[in-house]
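# Residue-level structural notes
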Amino acid sequence: MMDEFVRSPEGLELAVLCLDCGYRLADRPGDLTRDQILFLTAAMAHRQRVAEAARLAAEGITRIEVVED
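## Concerning helix H3 (residues 34-58)
Between its terminal C-alpha atoms H3 stretches 36 Å, which fits the 36 Å expected from 25 residues at 1.5 Å a residue. For H3, every residue scored as buried is listed here: Phe39, Ala42, Ala43, His46 and Leu56. Where H3 is buried, its residues meet helix H1 (2-7) and helix H2 (9-20). Gly60 lies just past H3 and shows a positive phi near 85 degrees.

Rendered as structure tokens:
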């Protein structure tokens, strides 16, 4: 569920605001809710997967992922 939101246009926009533009979901890290922490973690993991896929594609390697819902 969280991964679906992270990949959605709204999730991608929120990730850019939080990770790139310094938008804060809370005043202190201790004030973040569990869902906010999960979102930020999922957004970072998604970015890493996308960056890795781009790196591999640049090397001519295609990775196929099989995901079951």
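## Observations regarding the side chain of Ser8
Considering the arrangement of structural elements, one finds Ser8 in the loop between H1 and H2. Here Ser8 falls in the buried class, since its relative accessible area comes to 15%. A distance of 2.6 Å separates a polar atom in the side chain of Ser8 from the backbone oxygen of Phe5. A distance of 3.0 Å separates the side chain of Ser8 from the backbone nitrogen of Gly11, its partner in a polar contact.

## So, H2
With 12 residues, H2 ought to run about 16 Å at 1.5 Å a step, and its terminal C-alpha atoms sit 16 Å apart, in line with that. When H2 is considered as a whole, its buried residues turn out to be Gly11, Ala15 and Cys18. Projected onto a plane normal to the axis of H2, the buried residues spread over an arc of 75 degrees and lie on a single side. Facing away from the buried side of H2 by more than 90 degrees, the exposed set consists of Pro9 and Glu13. The secondary structure elements touched by the buried residues of H2 are H1 and H3.

## Quick look at the packing of H2 against H3
Close contact between H2 and H3 brings their axes to 10 Å; oriented N to C, the two are set at 95 degrees. Judged by the angle between their axes, H2 and H3 are roughly perpendicular. Side by side, H2 and H3 meet where Gly11, Leu12, Leu14, Ala15, Val16, Cys18, Leu19 and Asp20 of the first sit next to Phe39, Leu40, Ala43, Met44, His46 and Arg47 of the second.

Conventions adopted
Residues numbered from 1 in each chain as written. Predicted model: local features only at pLDDT ≥ 70, side-chain atom pairs only at ≥ 80, totals over all residues. Heavy atoms only, no water. Helix = DSSP H or I, 4+ residues; strand = E, 2+ residues; numbered from the N terminus. Expected span 1.5 Å × (residues − 1). Buried < 20%, exposed > 50% of the residue type's maximum accessible area, 1.4 Å probe, protein only. Contact = heavy atoms within 4.5 Å. Polar contact = N/O pair within 3.5 Å; in protein donor to acceptor, adjacent residues only side chain to side chain. Arc of directions from axis to C-beta. Axes fitted to C-alpha atoms, helices over the stretch in contact; angles between N-to-C directions. Parallel < 35°, antiparallel > 145°, perpendicular 65-115°, else oblique.

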